[in-house]
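# A structural walkthrough
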Amino acid sequence: MSADQQGHHIETPPDKGTGATASGASNANRIVYGLSAICALLVVADLFVHKHGYFKIEHVLGFYAFFGFLACTVLVLAAKLIRAILMRPEDYYDK
Amino acid sequence: MTNELNPGLIVILGALLVPFLPGRVLRGAFMLMIPIAAFAYLRTLPMGDFGQMELMGLQLQTLRIDKLSTVFGTIFLIATLLGVIYALHLGDWVQHTAGLIYAGSAIGAVFAGDFVTLFFFWELTAISSVFLIWASGTANALSAGLRYLVIQVGSGVILLAGVLMHYRATGTLTFGAMSTETLPGTLILIAFGIKCAFPLLHNWLANAYPAATVTGTVILSVFTTKLAVYTLARGYAGTEILIPIGVTMALFTVIYALLENDLRRVLAYSLIGQLGLMVAGIGIGSDLAINGAVAHAACGILYFALLFMAIGAVLHRTGTAHASKLGGLAKSMPLTATFAVIGALAAAAVPFFAGFISKALILSAAMKAGHFWAWAGLLAAGAAVVIHTAIKVPYFAFFAKAQGEPGTEAPANMLLAMGLTAALCIGLGVYPEALYSMLPREVKYQPYTTEHIITQLQLVCFAALAFVLALRFGLFPATTRATLLDSDWFYRVPGRHLAMIANRFRSFTWEVVADGIVKGASKTYHALYHHHGPDGLFGRTWPTGMMAFWTTVTLGAVVILSYL
Amino acid sequence: MRLDLILRVGAKLVLPFILLFALYVQFHGDYGPGGGFQAGVIAAGMVILYAIIFGIRAAKQIAPPSIVEFMVPLGVLIYCGTGIVSLLLGYNYLDFTGFHPDFLRAHEWGILIVELGVLVTVSSTMIAMFYAFAQRGRR
Amino acid sequence: MSAMTFLNAVEPHLPILLIIVPLFGALMATFMRSGTVAWFISLVVSVLVALIAWKLLNTILSTGTPIIYKIGNWEAPIGIVYKVDQLSGFVLLVIAAIAAVMMPFARRSIAAEIKQRAQPWYYAMYLLCLAGLMGIVITGDAFNAFVFLEISSLATYVLIALGRHRRALLAAYQYLIMGTIGATLYVIGIGLLYVLTGTLNFDDIASRLGPALADPERRNAVMAALGFAFVGVSLKLALFPMHVWLPNAYTYAPSVATAFLAGTATKAAIYLLIRLLFTVFGVSISIETLPVPQVLIVLSIAAMFLASFSAVFENNAKRMLAYSSIAQVGYIMLGVGLACLPVLAATTDASPATTPNNGMTAGLVHIANHAIMKAALFLALGAVYYRIGSVLYKDIAGIGRTMPLTMLAFGIAGLGLMGTPGTAGFISKWYLALGAIDTGWYSIVFLIVASSLISLIYIGRITEVVWFREPSAAAAQAKEAPLSMLVPLWILALLTIYLGLDTRATVDVAAEAAKVLVGGIR
């Protein structure tokens, strides 16, 4: 896993300390809040939609929202776990 | 021999003329004419079976025009045109010719009415397309191309074996609905499955596409797998086994697409995932599902081509497609970034974009047929697409903190190709009837209901929220330069690892077996070289006496055998 | 050189008779035992004997290598030419019927000519081979 | 005499002209002092021979009855008879056409590779070899076939010995020894047959072998005769394990000679073996009382694999192709071997023998297809040798960049060799597979495919060398081959594709010949 540590992590959120990326940080915050607001609106909209779903679970309030969020979280976390198993140095096959 | 020419042959014949045309302008104009001419010709053909010919005593049907083949042929021709525009800036006639022959053979395969014609074009796609990989000229491309070629040709060989046995058993070569109950049917399914990147058979795709040239990847992403989808839709509609296969494809690729650093590899895995959706649709087999698979193939071609084009433009300008070396390109390549976002929205199946109108068909079909787990799996994979394709790819390339040099805007022809593709992505999303009217089965479907729009938006937005939060809290897996193990591991590192396993289990009883396999594998090569190399028994020059001796032995053996 | 005087004189006496015998075998080849191959070998034997007794250089004066080499294909040419002549006369290849009104006589002629071709080729080939071996190591 | 009457007068004599013209040409060439004049004679003669062969085959196909020519107008058992039927007509045309197509190539290549003084001799020997090969195929007389076999072989020894490499002499010597052994074994077999039947004419032997078989004592002699003749001819056609003379002979001969020999010499021997097995001995002996099909199938499959593996590891392109030739001969002989098998089945379930035999068709088609593809491949290497004087992998590395047209033709023919669909090689393998399926030996289909994959490796390897490696010093300075070389090369390369798409010229004729050959004796 040495390559893992040497590799450049790019998922690090923008550094809040430096002025250069301060607007980037506030942008990122704005995106999070804006997205959350849209999501909340969509869940509310769910109340006014008549559903024709074939499966019972579809009729649960906010099912698609919940399912989308859960599926992604689970898959991301699963990927993070599996990464430890699958990841090899870049020149793995060339050795 | 034939009264009617397969439209694919027009493209291939045109491609053969390309190297002989002087000047880039003339050549470019001619290449643009090829798909247009083929399309115009296709429009004049009525529905039906044509091009009957007899070859080696076999009745062939080289041209079959029905709704299924027409929709694939049409979208292939459109993609060919877009690909040609995208590649116009190249001066490399090898890539131009190979790409057009490849496109032409895929189109020819779609219109093939019998297995022999199909097999011919099937192998031609393999052989012509490998040049698009080799053309990038790196050592990695060379070996990836060779592996690609072996697997693709191998698929053709299996197809041929299946076809021969099928012909033997039924006496017909017509390519129609097949059954998996019989051995030939299974063999042919495996052959199709290799090209369709079934799980464990998929890694040729993930290895070869990112290794190809900038323009080559765009062309590659269009044809091989979608041709396989066509053959599955034609031959194996309603084959139940395809449902779990498709769902597996859709789900396991999510992991790889999330982890990969090379954005073209991300797209390659994502492409396999979308193929899974189509395969599952074909497995469900209802009219709605088949329509969905076909429609999704058409939309997938467009938005994956668009994404590959955008990332290709990035690679063209910055020299890399690795997420860890990119970022912030939205400022320097604003148009490319816009088109990439449109492709991403289409991939995420956001309403009024191409992916929306086709994915809905398959999910509705799964629902109506009562395949709950398949539906849930595909829905989850669809949510994950939002993260790993629709957000991750444009984000790391264009919007994340810049990690490398800023590029310059893509060449005009690339922008034109991307613009046209993006327009098609939006056009189909806004006006789905254009696509629906071409679909093979007669079903009415209305994608734009309030319910559907709202639920899909919920799915997309919450997936996006999950991504943003994961990124925020450092939960998103790091995308570093690394190799991800995949099923190609099984053939790329067998000797070394088997040796390790054998060492570990030396005390066990099967030690002998494992040891034997390991030693056998490593020894086979050496033994072959020992006996057949230039100094080996079968490779070196024998003394005259030894030649005479073996002649005598043969004579003796023949005579003795005669008297036995 | 003086010591082989007897050999030299003896050989000079024998040589014409060898040639004569070769011709005898040759001309009896049509309807009797004999023929161009045997005659050619005997005739070549004469030259080879001469070369052994008087030296290769002397032999090359009476049978120059250029002529010998020329004779190899010439004999074949005579053989094939005979067949072609019969073709031109309107008969099958090597069908000598056209050479003479009398069937037997025609074939006698035909075979004699063909055998002559064989004689030329065989004798010249034998001599050429002898020259080739005799020259080994002298160049 | 007007042209028409001239042609009418000549027509009955075409079979003998097929031999006389090259023979006469060879004689003329020996009288010449200039290589160019000798080349011109060879060119005219080769084209003439090809035209005659074409005319003969057309006549046969339109009339359906064999053309018989009596030498000296003597009737069959006494005199020598030339017989042209579908099979021999087909093989004659293949050999003659290959010889004619490569003649334009020969002039520059020979001028560069052979000393000025020896050039007329080269052409003389070349034409003599051609005459010998035509003779083997056209004659209906077992001993006459031996004579022609020796004529062609002797000429071949000289052709090989003319090679520039010092090992050419050793190769020629080894081939001389082996060829003589083969011819001797063949002549022993023929001698036994003559003792048994009192005739040397193929058809007469066939008709008189029946009584000989009935007698248990003479029966043993028949079997020995077949054994000797079979092994003798197999040595000539380089059937495994009697192939060992071939790699060196092909490697060190002059380029044009290699292309010519690879395309034609083994094919004539294969013809002779087919003739012996099917016409002379007939199915009742070759197949039912003797294990010929089993021996053939085992040996040819061994050749397909063992020789292919050697080709994979070879570092000399000519030698690689030579090993591939051994493997390809394996394909042809496998087809011949398979042709014997359904006959075995037919005797039990008595199916009608009217359908063409796929195995034999495959063997015959591959005679033509392999001749074309191999000639193209060797010619391409000849052009490379002409430019850089070597065909070692290390020297031809990257030559695709400087000689693209040559190497493109090489690649096309290579695709054919692998059996890629759309090329001639695929047609052969297709029928071979059908033939195997007809006999119910599915495992052989698998083996055919597997050995095709090995050919994919060795063709892939040389493709990698010539196109993707950095050019060697010699290759970087090479120029594209001259037009006189490119034209014959591309004719053959395009034929490889054409015969893969339009199979009327090969498969229909071969199927007809196979029908006559296998069907006629049931």
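Presented here is a report on the structure given in the accompanying data block. All values reported here derive from a predicted model rather than from experimental measurement.

### Here we look at the overall build of chain A
In terms of helices and strands, chain A carries 3 helices and 1 strand. Its helices and strands in sequence order give chain A the pattern α-α-α-β, from N to C terminus. Counting over 95 residues, chain A shows a buried share of 36%. For chain A, the computed accessible surface area is about 5900 Å², with 68% contributed by carbon and sulfur atoms.

### Things to note about the overall build of chain D
The helix and strand inventory of chain D stands at 23 helices and 2 strands. Per-residue burial for chain D yields a buried fraction of 67% across its 522 residues. Within chain D, counting contacts between residues at least 6 apart in sequence, those at least 24 apart form 81% of the total. Accessible surface for chain D amounts to roughly 16400 Å². Of this, 67% is attributable to carbon and sulfur atoms.

### Quick notes on the interface of chain D and chain C
Counting from both sides, the interface comprises 15 residues of chain D and, opposite them, 15 residues of chain C. Counting each side, the surface lost to burial between chain D and chain C is near 1400 Å², with a carbon and sulfur contribution of 78%. On the chain D side of the contact with chain C, Ile 20, Leu 27 and Phe 31 of chain D bury the most area, a combined 34% of that side's loss. At the junction of chain D with chain C, the criterion picks out 0 salt bridges.

### Some points on the interface of chain A and chain B
Taken together, the contact between chain A and chain B spans 54 residues of the former and 59 residues of the latter. If you look at where chain A meets chain B, you find 0 salt bridges. There are 2 residue pairs in polar contact (both at pLDDT 80 or more) connecting chain A and chain B. Going through the elements one at a time, helix H2 (22-46), helix H3 (63-86) and strand S1 (87-88) of chain A are the ones with two or more residues in the side of chain A that touches chain B. Counting residues per element, the side of chain A that touches chain B draws most heavily on H3 of chain A, which supplies 19 residues. Split into classes, the residues belonging to the side of chain A that touches chain B amount to 33 nonpolar, 10 polar and 11 charged. Judged from the 2 bridges that link them, S1 of chain A and strand S3 (residues 483-484) of chain B form a sheet pairing that is antiparallel. For Met 87 of chain A, the partnering residue across the bridge sits in S3 of chain B and is Leu 484 of chain B.

### Re a nonpolar patch on the surface
Together, Tyr 31, Phe 103 and Leu 104 of chain C together with Trp 74 and Ile 78 of chain D make up a nonpolar patch on the protein surface, roughly 590 Å² of accessible area in all. Within the element layout of this structure, Trp 74 of chain D appears in the loop between strand S1 (67-70) and strand S2 (81-84).

### Describing helix H6 (residues 119-138) of chain D
With 20 residues, H6 of chain D should reach 28 Å at 1.5 Å per residue; the first-to-last C-alpha distance of 28 Å fits that figure. Counted residue by residue, H6 of chain D has 18 buried out of 20 residues, so it is predominantly covered.

### Observations concerning the environment of Cys 39 of chain A
On the secondary structure map, Cys 39 of chain A appears in helix H2. Exposure remark for Cys 39 of chain A: the relative accessible area of 1% places this residue in the buried category. Between the alpha carbons of Cys 39 of chain A and Ala 65 of chain A there is a distance of 7.9 Å; along the sequence they are 26 residues apart. Every residue in contact with Cys 39 of chain A, bar those within four places of it in the chain, is listed here: Cys 461, Phe 462 and Leu 465 of chain B.

### Here we look at the packing of helix H15 (residues 358-388) of chain D against helix H18 (residues 404-418) of chain D
Residue and element names in this part refer to chain D. H18 packs onto H15 with a crossing angle of 150° between their chain directions and a minimal axis gap of 9 Å. By the criterion of interaxial angle, the relationship of H15 to H18 is roughly antiparallel. The chirality of how H15 crosses H18 is left-handed. In contact with His 370, Met 373, Lys 374, Ala 376, Leu 377, Ala 380, Leu 381, Ala 383 and Val 384 of H15, H18 contributes Thr 406, Met 407, Phe 410, Ala 413, Gly 414, Gly 416 and Leu 417.

### A word on the side chain of Glu 451 of chain B
Relative to the elements of secondary structure, Glu 451 of chain B occurs in helix H19 (residues 450-472). A relative accessible area of 14% places Glu 451 of chain B in the buried class.

### Description of the environment of Met 223 of chain D
Within the element layout of this structure, Met 223 of chain D appears in helix H10 (residues 216-236). The class of Met 223 of chain D is buried, set by a relative accessible area of 5%. A C-alpha to C-alpha distance of 9.7 Å links Met 223 of chain D and Phe 281 of chain D, two positions 58 residues apart in sequence. Other than its neighbours up to four places away in sequence, Met 223 of chain D contacts Ser 562 and Tyr 563 of chain B together with Leu 290 of chain D.

### Examining the pattern of salt bridges
Residues and elements named next belong to chain B. Counted under the stated rule, the structure contains 15 salt bridges over all chains. Of the charged contacts, one joins Glu 260 and Arg 265 as a salt bridge, the two residues approaching to 3.0 Å between their closest N and O atoms. Judged by its relative accessible area of 4%, Glu 260 is buried. Using a relative accessible area of 16% as the deciding quantity, one classes Arg 265 as buried.

Definitions and cut-offs
- Residues numbered from 1 in each chain as written.
- Chains lettered and ligands numbered in written order.
- Predicted model: local features only at pLDDT ≥ 70, side-chain atom pairs only at ≥ 80, totals over all residues.
- Heavy atoms only, no water.
- Helix = DSSP H or I, 4+ residues; strand = E, 2+ residues; numbered from the N terminus.
- Buried < 20%, exposed > 50% of the residue type's maximum accessible area, 1.4 Å probe, protein only.
- Areas by Shrake-Rupley, 256 points an atom, 1.4 Å probe, with all protein chains shown as cover.
- Contact = heavy atoms within 4.5 Å.
- Buried area = accessible area lost by both parts, 1.4 Å probe.
- Salt bridge = Lys/Arg side-chain N within 4 Å of Asp/Glu carboxyl O.
- Polar contact = N/O pair within 3.5 Å; in protein donor to acceptor, adjacent residues only side chain to side chain.
- Nonpolar A, V, L, I, M, F, W, Y, C, P; charged D, E, K, R; others polar.
- Pairing = 2+ DSSP bridges.
- Patch = residues over 30% accessible without salt bridge, like charges linked within 9 Å, V, L, I, M, F, W, Y side chains within 5 Å.
- Expected span 1.5 Å × (residues − 1).
- Axes fitted to C-alpha atoms, helices over the stretch in contact; angles between N-to-C directions.
- Parallel < 35°, antiparallel > 145°, perpendicular 65-115°, else oblique.
- Left-handed = near helix turned anticlockwise from the far one by under 90°.

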